[in-house]
Amino acid sequence: MNSEMASSSQLSCPIEVERKFVPGTDVEKTLHGLGAVLLEKVTFRDSYYDSPDVLLTLADFWLRKRDDTWELKHPPKRGATGFIGGSTQYVEVTQKDEIIHKISEELGVPCAPSIEAFGLNEFASFVTCRRRFQLPLEENAVTKVVVDLDKADFGFVVGEVEVLVKNQEEVQNAMLKVEEICRKLGSFRETPVQGKVSTFLQLHRPEHYKKLMEAHKI
Ligand code: V4E
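For clarity, every value in this text was computed on a predicted model and none was experimentally measured.

(A) Quick look at the site of the ligand. Taken together, the neighbourhood of the ligand is formed by 22 residues, with Glu18, Arg64, Arg66, Glu160 and Lys196 sitting nearest. Side-chain polar atom of Lys20 to an oxygen atom of the ligand: 3.0 Å apart, as the coordinates give it. Within the side chain of Glu92, a nitrogen or oxygen atom sits 3.2 Å from an oxygen atom of the ligand. In isolation the ligand has 650 Å² of accessible area, and contact with the protein removes 95% of it. Elements with a minimum of two residues in the shell around the ligand: β1 (15-21), β2 (37-50), β3 (62-66), β6 (87-93), β9 (156-165) and α6 (196-204). Among the residues forming the shell around the ligand, the class breakdown is seven nonpolar, one polar and 14 charged.

(B) Quick look at the confidence of the model for the protein chain. Summarising the model, the protein chain shows a mean pLDDT of 92, and 95% of its residues fall at 70 or more. Per-residue pLDDT stays below 50 along residues 1-10; that stretch engages in 12 contacts with residues further than four places along the chain or on separate chains.

(C) Just the nonpolar core, in detail. With 39 residues, the main nonpolar core has Leu63, Val147 and Val161 as its most contacted residues. Going through the elements one at a time, β1, α2 (27-33), β4 (69-74), β6, α4 (96-107), β8 (145-152), β9 and α5 (171-184) are the ones with two or more residues in this core. Top element by residues in this core is α5. It accounts for six residues. Setting aside its immediate chain neighbours within four residues, Leu63 contacts Ser47, Tyr48, Tyr49, Leu56, Trp70, Glu71, Leu72, Ile99, Ile103, Ile115 and Leu120. By size, the runner-up hydrophobic cluster in this structure holds 16 residues, among which are Ala124, Phe154, Leu201 and Tyr209.

(D) Molecular detail of the packing of aromatic side chains. Applying the stated criterion across every chain, the model contains seven aromatic pairs. One aromatic cluster in this structure is built from Tyr48, Phe123, Phe126, Phe154, Phe156 and Phe200. One residue, Arg183, lies across the ring of Phe188, its end atom 3.8 Å from the ring centre.

(E) α4, seen in detail. Along its 12 residues, α4 runs 16 Å from first to last C-alpha, staying within 8% of the 16 Å computed at 1.5 Å per residue. Along α4, the positions that sit buried rather than exposed are Ile99, Ile100, Lys102, Ile103, Ser104, Glu106 and Leu107. In the core, the buried residues of α4 are packed alongside α3 (55-58), β3, β4 and β6. Trailing α4 by a residue or two, Gly108 shows a phi angle of about 65 degrees, which is positive.

(F) Up close: helix α7 (residues 206-214). Listing the buried residues of α7 in full gives His208, Tyr209 and Leu212. For α7, the angular spread of the buried residues around the axis is 100 degrees, confining them to a single face. In this structure, α7 carries Pro206, Glu207, Lys210 and Glu214 as exposed residues pointing more than 90 degrees from its buried face. Contacts made by the buried residues of α7 are with β2, α3, β3, β7 (121-134) and α6. Residue His216 follows α7 closely and has a positive phi angle near 55 degrees.

(G) Highlighting the environment of Asp68. Its place among the elements puts Asp68 in the loop between β3 and β4. For Asp68, a relative accessible area of 72% puts it in the exposed group. In this structure the C-alpha to C-alpha distance between Asp68 and Phe44, which are 24 residues apart in sequence, comes to 9.7 Å.

(H) Layout of unusual backbone geometry. Backbone geometry at Val54 places phi at a positive 45 degrees, although glycine is not the residue there. Mapped onto the elements of the fold, Val54 is located in the loop between β2 and α3. On the accessibility criterion, Val54 (9% relative accessible area) is buried. Although it is not a glycine, Asp60 sits at a positive phi angle of roughly 65 degrees. Tracing the backbone through its elements, the reader meets Asp60 in the loop between α3 and β3.

(I) The arrangement of the pattern of salt bridges in detail. The tally for this structure, following the rule as stated, stands at 21 salt bridges. Notably, a salt bridge pairs Glu16 with Lys73, separated by 3.1 Å at the nearest N-O pair. With Glu16 in strand β1 and Lys73 in strand β4, the pair connects residues that are 57 residues apart, well separated along the chain. Owing to a relative accessible area of 10%, Glu16 belongs among the buried residues under this scheme. Using a relative accessible area of 15% as the deciding quantity, one classes Lys73 as buried. The partner of Glu180 in a salt bridge is Lys177, with the nearest N and O atoms 3.4 Å apart. With a gap of three residues between them, Glu180 and Lys177 both fall in helix α5, about one helical turn apart. Among the residues examined, Glu180 registers a relative accessible area of 29% and is labelled partly exposed. What makes Lys177 buried here is its relative accessible area of 19%.

Rules behind the numbers
Residues numbered from 1 in each chain as written. Predicted model: local features only at pLDDT ≥ 70, side-chain atom pairs only at ≥ 80, totals over all residues. Heavy atoms only, no water. Near = heavy atom within 4 Å. Polar contact = N/O pair within 3.5 Å; in protein donor to acceptor, adjacent residues only side chain to side chain. Areas by Shrake-Rupley, 256 points an atom, 1.4 Å probe, with all protein chains shown as cover. Helix = DSSP H or I, 4+ residues; strand = E, 2+ residues; numbered from the N terminus. Nonpolar A, V, L, I, M, F, W, Y, C, P; charged D, E, K, R; others polar. pLDDT = per-residue confidence, 0-100. Contact = heavy atoms within 4.5 Å. Core = buried A, V, L, I, M, F, W, Y, C linked by side-chain atoms within 4.5 Å. Buried < 20%, exposed > 50% of the residue type's maximum accessible area, 1.4 Å probe, protein only. Phe/Tyr/Trp six-rings, centres within 6.5 Å; stacked < 30°, edge-to-face > 60°. Lys NZ or Arg CZ within 6 Å of the ring centre and 35° of its normal. Expected span 1.5 Å × (residues − 1). Arc of directions from axis to C-beta. Salt bridge = Lys/Arg side-chain N within 4 Å of Asp/Glu carboxyl O.

This is the structure:
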């Protein structure tokens, strides 16, 4: 095991393994057929932030405020991207001090007293209506599988199959699982399905979008 793998094994935050899909008209029927139950219906606003030279997103770091809570999604291995084929793996940090530390490290600036004090720019903001379903736990399964059906207020719809794992060693199986569920939903595609932020950028921030495309970050 190399040192990067060792550090990822000791992560305090779980790794989110996800696969996006384009929901078909029968997706809810199919979910019910698989025994899924509706866990919740939630509506939230996400506002995403970056430095003027978009260094965070170019490093595949996604800082957002979801309603009143700061969250940072970043790849488990520094310098690597969080997506492999059509699936993604990101660590989600919600602890403010850890977010400040990561941003300061990534931007090469001293730690600020608050996230706001970095003076970052908002580059996207939209409201999502989410319906979250949970699939039944299979025998011997340790992790639950959830499926989100999201509708963003700029007229974009996307689905996501998500599994949370504790360390890098569990990622491969989780990737197989999210692929399997996409197939069962009849929505599997080999190539990545674009998410809400990428679509928002493409529509409203074409220059930022172009930079990320050229850097192969979206
Ligand atoms: C990680 C990332 C972005 C941040 C938004 O992440 P996403 O999972 O799309 O948002 P959401 O609202 O579903 O978050 P959740 O509630 O599940 O935590 S924007 C772009 N990326 C990188 C990325 C990528 N390059 N390719 C794909 C297919 N997805 C994400």
